[in-house]
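Here is how the chains run, residue by residue.
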Amino acid sequence: MAFLQLATLADDGGTIGVMKAANSGFAPVEWQIIQLARRDGLDSLRAPDRWDRLKGWIFGERANPRLANMRLESLRRLAVDAWHRGYTVRPSFLKAFLKAGFNEGQLETLLASISAQRRFQALRSRQS
């Protein structure tokens, strides 16, 4: 019953800040995907070819980093590209990201977060 009272008192019609978070933030699972994408190489963005299949046959199968959910896979692909290339992400990954339902605020948050972590990592490696 208290929730109903809060909903009627909220200025935004009862969502209580959900819309503000949705504009530029990510869900916890999406943040996990962004962090896991740091470990993926650029080769995870292309389809396996004959050479990859041969290496898998000789050395054993490698774990497939692709996600079954297309929305989350578009996030992973853009994050992998951003981890390796910074702000110069490929337009095709950018279009897929926006087409998957993400917005420009989330794009800015993603790129700024990855850029800051890349700078911090570079500073730490220089100090070592």
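These figures come from a predicted structure and were not determined experimentally.

Close contact between helix 5 (residues 70–85) and helix 6 (residues 91–99) brings their axes to 9 Å; oriented N to C, the two are set at 145°. The handedness of the crossing between helix 5 and helix 6 is left-handed. Every residue of helix 6 that contacts helix 5 at Ser74, Leu75, Arg77, Leu78 and Asp81 is listed here: Phe93, Leu94, Ala96 and Phe97. Its residues assigned to classes, the contact of helix 5 with helix 6 shows six nonpolar, one polar and two charged.

With that out of the way, let us pick up the packing of aromatic side chains. Taken as a whole and judged by the stated rule, the model has three aromatic pairs. Ring geometry for Phe26 and Phe102: centres 6.0 Å apart, planes at 55°, overall tilted. On the criterion of sequence distance, the pair formed by Phe26 in the loop between helix 2 (18–24) and helix 3 (28–36) and Phe102 in the loop between helix 6 and helix 7 (104–127) is long-range, its members being 76 residues apart. Owing to a relative accessible area of 11%, Phe26 belongs among the buried residues under this scheme. One aromatic cluster is present, built from ring pairs that chain together Phe26, Trp31, Phe97 and Phe102. Of note, Arg71 hangs over the ring of Phe102, and the distance from its end group to the ring centre comes to 3.9 Å.

Reading the values: rules and limits
- Residues numbered from 1 in each chain as written.
- Predicted model: local features only at pLDDT ≥ 70, side-chain atom pairs only at ≥ 80, totals over all residues.
- Heavy atoms only, no water.
- Axes fitted to C-alpha atoms, helices over the stretch in contact; angles between N-to-C directions.
- Helix = DSSP H or I, 4+ residues; strand = E, 2+ residues; numbered from the N terminus.
- Left-handed = near helix turned anticlockwise from the far one by under 90°.
- Contact = heavy atoms within 4.5 Å.
- Nonpolar A, V, L, I, M, F, W, Y, C, P; charged D, E, K, R; others polar.
- Phe/Tyr/Trp six-rings, centres within 6.5 Å; stacked < 30°, edge-to-face > 60°.
- Buried < 20%, exposed > 50% of the residue type's maximum accessible area, 1.4 Å probe, protein only.
- Lys NZ or Arg CZ within 6 Å of the ring centre and 35° of its normal.

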